[in-house]
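Chain residues, written in single-letter form:
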Amino acid sequence: MLQITNASLGLRFRRQLLYWIFYDGGYINASAEGVSIRTALQLSRDPNGRMKVSNVSCQASVTRMHAAFGGTFRKVYDFLSTFITSGMRFLLNQQICPVLYHAGTVLLNSLLDTVPVRSSVDELVGIDYSLLKDPVASTSNLDMDFRGSFFPLAEGNWSLPNRAVEPQLQEEERMVYVAFSEFFFDSAMESYFRAGALQLSLVGDKVPHDLDMLLRATYFGSIVLLSPAVIDSPLKLELQATAPPRCTIKPSGTTISVTASVTIALVPPDQPEVQLSSMIMDARLSAKMALRGKALRTQLDLRRFRIYSNQSALESLALIPLQAPLKTMLQIGVMPMLNERTWRGVQIPLPEGINFVREVVMNHAGFLTIGADLHFAKGLREVIEKNRPANARDPWPSSAPPSSTAAV
């Protein structure tokens, strides 16, 4: 709601009249006093889940108006000033509400159309930011409940059941607070898992030299039993998530748990690969969230790492010497690739030209909140002019409400 009371407006007109040999030219400097405007926007969710201005109520009045005339027949206009200013006040009263109605239902909605609702994150995964219900306005806050769910692009209708804790927002030091539950991050990792992205294969020169030598020494007994044509074949190290990773958010921090299979094999040219071993890897990553501009970014760090055999405890003991080299390989070769992708981030739904500044991240039990202020990187007029519909240049013919909405 916007309410303006006892304001003033300054208007300047240029007049020019030519009737046969009669010519009049000059100006009119007018001022309106006691201007009162009360307008309210009704916000709702449209069928696509986008926030829209569904209606604009308006009351406007101008109490007094004065005019100063200049030019050829200034004295005549001064004599008729009472009649002229009354007419100008009447017309001005009729103009305010139609302009505000057009600004809300057309121009402001064209700005809201720039908010991404359902878009692709990359070539594999998309994100759905549609509203779940109409925005709720109170005396101090505007609350919006977004879906906040990732999905594989190949399965556009897929959705992960939301069993996460409902976030609670109570802070008020920043202009905007956005809450992300564990569901937000779980849906992202589930989507990438279903898209087949959570796997890595290193063959030949891609395997670090020291690790290659260690693996060949570890499985020397199995290698020497193979045919000579296979013994010197390139080594293959394959990691593949066996289940979608899961995110856990606590006041102490955010962790991501990953379980993957690790397969070691020889890959002779033009022959089937020969598997040397298969093991299970459990890893725990710490995740640090940051908001930059409009992007939610994540920095991952490997904290815990364990490999074991799903065949026997004795084989698990034999894998202990591989723990440190494999962990080093993950830290040097895999984590930079993950962080290169996660640091690019995912866009938060904001209109064009508006960014977050002065961000602060707070962890809670089951969710985290990011508070920020808003910075207008572009002028609203510039964004609206760029995105307004082509047929919305004139506010009065098509989008104006009935003139009775203006209190004359």
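Residues numbered from 1 in each chain as written. Predicted model: local features only at pLDDT ≥ 70, side-chain atom pairs only at ≥ 80, totals over all residues. Heavy atoms only, no water.

The protein goes by Phospholipid transfer protein isoform X3 in an unreviewed UniProt entry, where it is assigned to Galeopterus variegatus.

Caption draft 1: Focus on the state of the cysteines. Overall, the coordinates contain 1 disulfide when judged by the stated rule. There is a disulfide in this structure between Cys58 and Cys97, and the S-S distance comes to 2.0 Å. On the sign convention where negative means left-handed, the S-S torsion of about -80° between Cys58 and Cys97 marks this disulfide as left-handed. Placement of Cys58 in strand 3 (residues 51–71) and of Cys97 in helix 2 (residues 81–112) is noted, with a sequence separation of 39 residues between them. (Disulfide = S-S within 2.5 Å. Helix = DSSP H or I, 4+ residues; strand = E, 2+ residues; numbered from the N terminus.)

Caption draft 2: Broad picture of the nonpolar core. Judged by nonpolar contacts, the single largest core of 57 residues is most densely connected at Phe185 and Leu296. Per element, the largest residue contribution to this core is 8 residues, and it comes from strand 14 (residues 274–292). Among the nonpolar cores identified, the runner-up in size contains 15 residues, and Ala32, Cys58, Ile84 and Ile96 belong to it. (Core = buried A, V, L, I, M, F, W, Y, C linked by side-chain atoms within 4.5 Å. Buried < 20%, exposed > 50% of the residue type's maximum accessible area, 1.4 Å probe, protein only.)

Caption draft 3: Spotlight on the pairing of strand 5 (residues 125–128). By the alternation rule, side chains of strand 5 split into Val125 and Ile127 and Gly126 and Asp128, which are all buried. As paired strands, strand 4 (residues 118–120) and strand 5 are joined by 3 bridges and run antiparallel to one another. Its bridge partner being in strand 5, Ser120 is matched across the sheet by Gly126. Sheet topology note: the strand 5/strand 8 (residues 149–152) ladder contains 4 bridges and is antiparallel. Residue pairing across strands places Asp128 opposite Ser149, the latter belonging to strand 8. (Pairing = 2+ DSSP bridges.)

Caption draft 4: Structural detail: the pattern of salt bridges. Scanning all chains against the criterion turns up 19 salt bridges. Across the pair Lys236 and Glu273 runs a salt bridge, and its minimum N-O distance is 3.0 Å. Of this pair, Lys236 sits in strand 11 (residues 235–241) while Glu273 sits in the loop between strand 13 (253–266) and strand 14, placing them 37 residues apart in sequence. The class for Glu273 is partly exposed, based on a relative accessible area of 40%. Between Glu352 and Lys386 there is a salt bridge whose closest N-O contact spans 2.8 Å. Separated by 34 residues along the polypeptide, Glu352 in the loop between strand 16 (346–347) and strand 17 (354–363) and Lys386 in helix 9 (residues 380–387) bring together distant segments of the chain. For Glu352, a relative accessible area of 17% translates into the label buried. When its relative accessible area of 57% is taken as the criterion, Lys386 is described as exposed. Residues joined in a network through salt bridges with shared partners are Arg50, Lys52 and Asp113. (Salt bridge = Lys/Arg side-chain N within 4 Å of Asp/Glu carboxyl O.)

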